[in-house]
Amino acid sequence: MKYRFFIFDLDGTLAYYDGWVGPEYIGEPIPEMLARVKDWIAQGIKVKIFTARVSVPEQAKPIKAWLTKHGLGELEVTNIKD
């Protein structure tokens, strides 16, 4: 079996982004993208969230809270492409 996963950008792809407001602020989800990520998860495909925000480790907490709030649970959040 081939291992598959998708790395999905946060700001401007999964969430609306109109410029930096601060580490606690993440825009509302983009509905089509949120649905796509949920569909991949339902298919058993691993999804990682990619964002430069976590180059400061403390910024992972509001991202994880945002993911949970919007029904995505505990996805891995990274700033490293693999």
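The present account deals with the structure reproduced in this document. Counting from 1, residues in each chain are numbered in the order their sequence is written. Given that the model is predicted, a residue must reach a pLDDT of at least 70 before its local features are reported, and side-chain atom pairs must reach 80 or more before they are shown or counted; all residues, however, enter totals for whole chains, interfaces and linings. The side-chain figures draw on all heavy atoms in the structure; neither hydrogens nor water molecules are used.

Digging into helix α2 (residues 60–69)
And then number 1: Of all the positions in α2, only A60, P62, I63, W66 and L67 are classed as buried. Down the axis of α2, the smallest arc covering the buried residues is 165°, so these residues share one side. Relative to its buried face, α2 has exposed residues pointing more than 90 degrees away, namely K61 and K69.
And then number 2: The contact definition used throughout considers only heavy atoms, calling two residues in contact when any of these lie within 4.5 Å. The numbering of helices and of strands both runs from the N terminus, where a helix is a DSSP run of H or I of at least 4 residues and a strand a run of E of at least 2. Residues of α2 that are buried sit in contact with β2 (46–50) and β3 (76–78).
And then number 3: G71 sits one or two positions beyond α2 and adopts a positive phi of about 80°. Partly exposed describes any residue whose relative accessible area lies between the buried limit of under 20% and the exposed limit of over 50%, with all areas from a 1.4 Å probe on protein chains only and scaled to the type maximum. In this context, the arc is that of the directions from the helix axis out to the C-beta atoms.

A closer look at the packing of aromatic side chains
And then number 1: Each Phe, Tyr or Trp ring, with Trp reduced to its six-membered ring, pairs with another whose centre is within 6.5 Å; inter-plane angles below 30 degrees give stacked pairs, above 60 give edge-to-face pairs, and intermediate values give tilted ones. The tally for this structure, following the rule as stated, stands at two aromatic pairs.
And then number 2: Arranged with centres 4.1 Å apart and planes meeting at 20°, the rings of F6 and W40 form a pair that is stacked. In this pair, F6 sits in strand β1 (residues 5–9) while W40 sits in helix α1 (residues 31–42), placing the two residues 34 residues apart along the sequence.
And then number 3: Residue class for F6 comes out partly exposed when judged on its relative accessible area of 29%.
And then number 4: By relative accessible area, which is 15% here, W40 ends up buried.
And then number 5: Measuring from ring centre to ring centre gives 5.5 Å for F8 and W40, while their planes differ by 80°; the resulting arrangement is edge-to-face. Of the two residues, F8 is situated in strand β1 and W40 in helix α1; the sequence distance between them amounts to 32 residues. Taken as a pair, F8 and W40 share a single burial class, namely buried.
And then number 6: Put simply, the rings of F6, F8 and W40 touch in pairs and so form one group of aromatic residues.

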